[in-house]
Amino acid sequence: VQLQASGGGWVQVGGSLRLSCSASGGTFNSDRSAWFRQAPGKEREFVAAITWLSGSTFYADSVKGRFTISRDKGKNAVFLEMNNLKTEDTATYYCAADRGVRTRARPDRQDYHYWGQGTLVTVSS
């Protein structure tokens, strides 16, 4: 499976962006997907996850209430709607996937074995 992330860019504080992650080489049915991010000089951190079967979601506390993860089975794609962006949201955002029958949206990086190339989000004050 190959993942392609897109939608990053520059936005002012309080603005919104929508990231997309399209998959090729496989169809998601019962798997789970997630978004992680990595700011310069920092470790990659979890942002949000979703299961394909039920649409169950899980968010990092730092983005809860501002970000929404969703999936579109017809497009075989995952999205991250980001609202009320803050400067601390500036990072490269990576989509990730874990294949198999997955019933829980998990935040652990080691659970995800497929990764996209990343898309840069810059939030400026």
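Note that the structure is a prediction, hence the values are computed from the model and not measured.

What follows concerns the state of the cysteines. Within the structure shown, the criterion is met by one disulfide. Covalently, Cys21 is tied to Cys95 through a disulfide, its sulfur atoms 2.2 Å apart. A torsion of 65° about the S-S bond marks the disulfide between Cys21 and Cys95 as right-handed. With Cys21 in strand S3 (residues 17-24) and Cys95 in strand S9 (residues 91-98), this pair connects stretches of sequence that are 74 residues apart. According to the relative accessible area criterion, Cys95 is buried, its value standing at 2%.

Attention now goes to the side chain of Thr119. Mapped onto the fold, Thr119 is located in strand S11 (residues 119-124). For Thr119, a relative accessible area of 10% gives the class buried. In terms of polar contacts, Thr119 uses its side chain to reach the backbone amide nitrogen of Gly8, at 3.0 Å.

What follows is about the pattern of salt bridges. Under the definition given, this model contains ten salt bridges. Between Arg32 and Asp98 there is a salt bridge, and its shortest N-O distance comes to 2.9 Å. Of this pair, Arg32 sits in strand S4 (residues 32-38) while Asp98 sits in strand S9, and the two are 66 residues apart along the sequence. Its relative accessible area of 3% is what places Asp98 among the buried residues. A salt bridge links Asp89 to Arg66, with the shortest nitrogen-to-oxygen separation between them at 2.7 Å. In this pair, Asp89 sits in the loop between strand S8 (77-82) and S9 while Arg66 sits in the loop between strand S6 (57-59) and strand S7 (67-72), placing the two residues 23 residues apart along the sequence.

Moving on, we get to the pairing of S9. For S9, the tally of buried residues reaches seven of eight residues, placing the bulk of the element in the interior. In this structure, S4 lies alongside S9, joined through seven bridges in antiparallel fashion. Residue pairing in the sheet places Phe36 in a bridge with Tyr94 of S9. Judged from the two bridges that link them, S9 and strand S10 (residues 114-115) form a sheet pairing that is antiparallel. From the neighbouring strand, Ala96 faces S10, where its bridge partner is Trp115.

The rules we used
- Residues numbered from 1 in each chain as written.
- Predicted model: local features only at pLDDT ≥ 70, side-chain atom pairs only at ≥ 80, totals over all residues.
- Heavy atoms only, no water.
- Disulfide = S-S within 2.5 Å.
- Helix = DSSP H or I, 4+ residues; strand = E, 2+ residues; numbered from the N terminus.
- Buried < 20%, exposed > 50% of the residue type's maximum accessible area, 1.4 Å probe, protein only.
- Polar contact = N/O pair within 3.5 Å; in protein donor to acceptor, adjacent residues only side chain to side chain.
- Salt bridge = Lys/Arg side-chain N within 4 Å of Asp/Glu carboxyl O.
- Pairing = 2+ DSSP bridges.

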